[in-house]
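# Summary of the model geometry
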Amino acid sequence: MRTVTSIRHIEAVVIGASTGAIAALSQLLPPLPQDFPLAILVAVHVPADQPHSIASLLQAKCRVRVKEAEDKEPAHSGTVYFAPPDYHLLVEDDRRLSLSNEEPVNYSRPSIDVLLESAADVYRDSLLAVILTGANHDGAQGARAVGRAGGTVLVQHPHSATARMMPDAALAACPTAEPMSLADLTDLFLSRGRGLLCRP
Amino acid sequence: MTQEAAARTGDIELRLFLEAMYSQYHYDFRGYSRASLKRRLALACQRLGCSTLSALQERLLHDDRILPQLLDYMTVQVSDMFRDPAYFRALRQHIIPHLKTYPSLKVWVAGCSSGEELYSLAILFREEGLEEKTMFYATDVNGNALARAEAGVYALERVALFTKNHRLSGGSGSLSDYYHAAYGAARFDQTLRRRTVFSDHSLASDSVFGEMHLISCRNVLIYFDRPLQDTAVGLFRDALVRKGFLGMGARETLRFNAHAKAFTEILPQERIYQKRGETEDPCAR
Ligand SMILES: C[S@@+](CC[C@H](N)C(=O)[O-])C[C@H]1O[C@@H](n2cnc3c(N)ncnc32)[C@H](O)[C@@H]1O
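Within any chain, residue numbers begin from 1 and follow the written order of that chain's sequence. To read the labels, note that chains go from A and ligands from 1, taken in the order they are written. Only residues with pLDDT of at least 70 get local features here, since the model is predicted, and only at 80 or more are side-chain atom pairs given and counted; chain-wide, interface and lining totals rely on the full set of residues. Side-chain numbers come from the whole structure's heavy atoms, not from hydrogens or water.

Turning our attention to the domain arrangement of chain B. Residues and elements named next belong to chain B. These domain boundaries are the output of an automatic or database domain assignment. One can read the domain layout of chain B as domain 1 (3-74) and domain 2 (85-275). Domain 1 and domain 2 are separated by 30 Å when their C-alpha centres are compared. Taken residue by residue, the interface counts 10 residues in domain 1 and 11 residues in domain 2. Accessible area that two parts lose when put together, with a 1.4 Å probe and added across both, is what the buried area reports. Among the residues domain 1 hides against domain 2, the three largest losses belong to Gly-31, Tyr-32 and Ser-33. Together they make up 46% of the total. Pairs of N or O atoms within 3.5 Å make up the polar contacts considered here, provided that, within protein, one atom can donate a hydrogen while the other can accept it, and that residues adjacent in sequence are counted only when both atoms are side-chain atoms. For the pair domain 1 and domain 2, the number of links is six residue pairs in polar contact (both at pLDDT 80 or more). By the convention used here, residues are in contact when the closest approach between their heavy atoms is within 4.5 Å.

Residues and elements named next belong to chain B. Pairing of aromatic rings covers Phe, Tyr and the six-membered ring of Trp, with a centre-to-centre limit of 6.5 Å; geometry is then stacked below 30 degrees between planes, edge-to-face above 60, and tilted otherwise. This structure, assessed with the given rule, holds 14 aromatic pairs over all chains. Put simply, the rings of Tyr-119, Tyr-154, Phe-162, Tyr-179 and Phe-188 touch in pairs and so form one group of aromatic residues. Over the ring of Tyr-87 we find Arg-218; its NZ or CZ atom is 3.8 Å from the centre of that ring. Counting as a charge over the ring demands two things of the Lys NZ or Arg CZ atom: a distance within 6 Å of the ring centre and an angle within 35 degrees of the ring normal.

Oppositely charged side chains can form a pair if their charged atoms are brought close together. In what follows, salt bridge is the name for a side-chain nitrogen of Lys or Arg lying within 4 Å of a carboxyl oxygen of Asp or Glu. Counting across every chain of the model gives 31 salt bridges over all chains. A salt bridge links Asp-86 of chain A to Arg-109 of chain A, with the shortest nitrogen-to-oxygen separation between them at 3.2 Å. Separated by 23 residues along the polypeptide, Asp-86 of chain A in the loop between strand S4 (79-82) and strand S5 (88-91) and Arg-109 of chain A in the loop between strand S6 (97-100) and helix H4 (112-123) bring together distant segments of the chain. The exposure class assigned to Asp-86 of chain A is partly exposed, which follows from its relative accessible area of 37%. Taking the shortest distance from any N to any O, the salt bridge between Arg-226 of chain B and Asp-230 of chain B comes out at 2.9 Å. Separated by four residues within a single helix, Arg-226 of chain B and Asp-230 of chain B lie in helix H9 (residues 226-239), roughly one turn from each other. You'll find Arg-226 of chain B and Asp-230 of chain B in the same group, each marked buried. Several salt bridges share partner residues, and in doing so they unite Lys-67, Glu-70 and Glu-73 of chain A together with Arg-255 and Arg-271 of chain B into one network. Runs of H or I in DSSP of at least four residues are treated as helices and runs of E of at least two as strands, each being numbered from the N terminus. Only protein chains enter the area calculation, which uses a 1.4 Å probe; residues under 20% of their type maximum are buried, those over 50% are exposed, and those in between are partly exposed.

As a further point, take the side chain of His-201 of chain B. All names here are of chain B. Following the sequence through the fold, His-201 ends up in the loop between strand S6 (196-200) and strand S7 (212-216). Note on His-201: relative accessible area 8%, which makes it buried. Of note is the side chain of His-201, whose polar atom sits 2.9 Å from the backbone oxygen of Ser-207. Beyond its immediate chain neighbours, meaning those up to four positions away, His-201 contacts Trp-108, Thr-139, Asp-140, Val-141, Asp-206, Ser-207, Phe-209 and Leu-235.

Right, let's talk about the nonpolar core for a bit. Membership of the largest hydrophobic core comes to 84 residues, with the highest contact counts inside it found for Leu-56 and Leu-203 of chain B. For this core, the element with the most residues is H4 of chain A, which contributes seven residues. Residue contributions to this core reach at least three from each of two domains, namely domain 1 (3-74) and domain 2 (85-275) of chain B. For Leu-56 of chain B, the contacting residues outside a window of four places in its chain are Phe-17, Leu-41, Ala-44, Cys-45, Leu-48, Cys-50, Ile-66 and Leu-70 of chain B. Buried Ala, Val, Leu, Ile, Met, Phe, Trp, Tyr and Cys residues form a nonpolar core when they are joined through side-chain atoms within 4.5 Å.

Turning our attention to the sheet that holds strand S2 (residues 39-44) of chain A. Residues and elements named next belong to chain A. A strand pair is defined by DSSP finding two or more bridges across the two strands. The sheet built from seven strands is open, its strands ordered S3-S4-S2-S1-S7-S8-S9 with parallel pairing. Strands with a single pairing partner mark the edges of an open sheet, and in this sheet they are strand S3 (65-68) and strand S9 (178-180). Strand-to-strand twist in this sheet, taken as the mean axis angle between neighbours without regard to direction, amounts to 25°. Pairing geometry for strand S8 (residues 152-156) and S9, over three bridges, is parallel. Note on S9: the bridge partner recorded for Gln-156 is Met-180. Every axis in this analysis is a line fitted to C-alpha atoms, fitted for helices over the stretch in contact. Angles between the N-to-C directions lie between 0 and 180 degrees.

As structure tokens, then:
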């Protein structure tokens, strides 16, 4: 498959999802080994007043460390960082994470576009962006920015997504984006993809 | 131009723009978090009709009337009264009892934006019977925001959230005792700011003023890069009395700060720190 062989020196993964996010992430993240060699940054839209954070929900199912990002925290491999509710998550040149309260983008805070655009700016062609299920267009601009910076964009197959609007929009906005099933994404993250995902 | 080269040019333009801002107007944004600042300035360029940051720089240098507008883009003005009610509840339950032991108090709200945090604290101190012996200092780098803070007028549709937050913070009375609603706006009781000094102060370039018992600086340091965060927290350490308190935003931490050791994390969940006494300060030894 072209995608797999074209992923070379990936340094970080960013993931965006909305409607159906918890189910999709519950399939994608739990199989990852504790020593997964990359940092994973995630922006999902969830109601701010949800009693249990999605991070703690997923931590219970995962071997990798899952947490909400704190301001200026260094992005470490083997860790999944969620944008905290009501904050945008961004990456700085020194690979530290920044939070921001600025206005919602696409009615969303966190916004997937904000995360992807800032990550594209820092990681350039060594970024892998994954757009999952969602019922809005957030992430499309971001996917385009990642593609333009030379990064890789993979999108959950619209027909297999709980909500297909977000995958459709990302595929339309980013000409180099490739659709993939969740199972193939999982495979790519796991042993088969592992050698390819590692830095050279 | 390749994407790579364009990105490099963008970085050069940003550096020059921040130098121009600093040299001409003494607003120092050079140590701000780049990721957010880049977004904000891209937005400013777009809205002000400048195709590049260099074009915006030319306007900035030759027309000081755009300065206030630019400051509004470069600083993020989002706030609410009793934002994160758990923070204010923790102040009430755990910090106020310490503060009650002092004969007089100084409280600094650093980066007060349009005043929501200041009025929240003023109400809390009134409810806890500490208002009369307290002086508040509300500072911000954005002059427009400070003017709104002094006015204390907020859109009425925001008041439902303020009211809910106030209640969740453990507020004894009703928030409606503190404002007067008219023409779609809630005007907060002017006596609440009787004991407040508002002033233009930048954590990036101004010096310390002092002997504070409590500093509340929330959601301001997230816009600073690591070295500038060190500078600001150094300022707070110097401004606080021994055993004084520092409250931060819900997702902010001193963990990555050079001065972390000068503080004890007394309420980790609510991000409230206490400055160590001289003898327990490991740096002093
Ligand atoms: C997001 S608001 C936080 C408002 C309030 N503290 C809260 O938590 O709700 C950030 C504020 O920090 C101010 N600010 C930014 N840079 C500053 C600086 N160098 N010195 C003082 N205030 C600054 C901005 O003007 C803005 O009012």
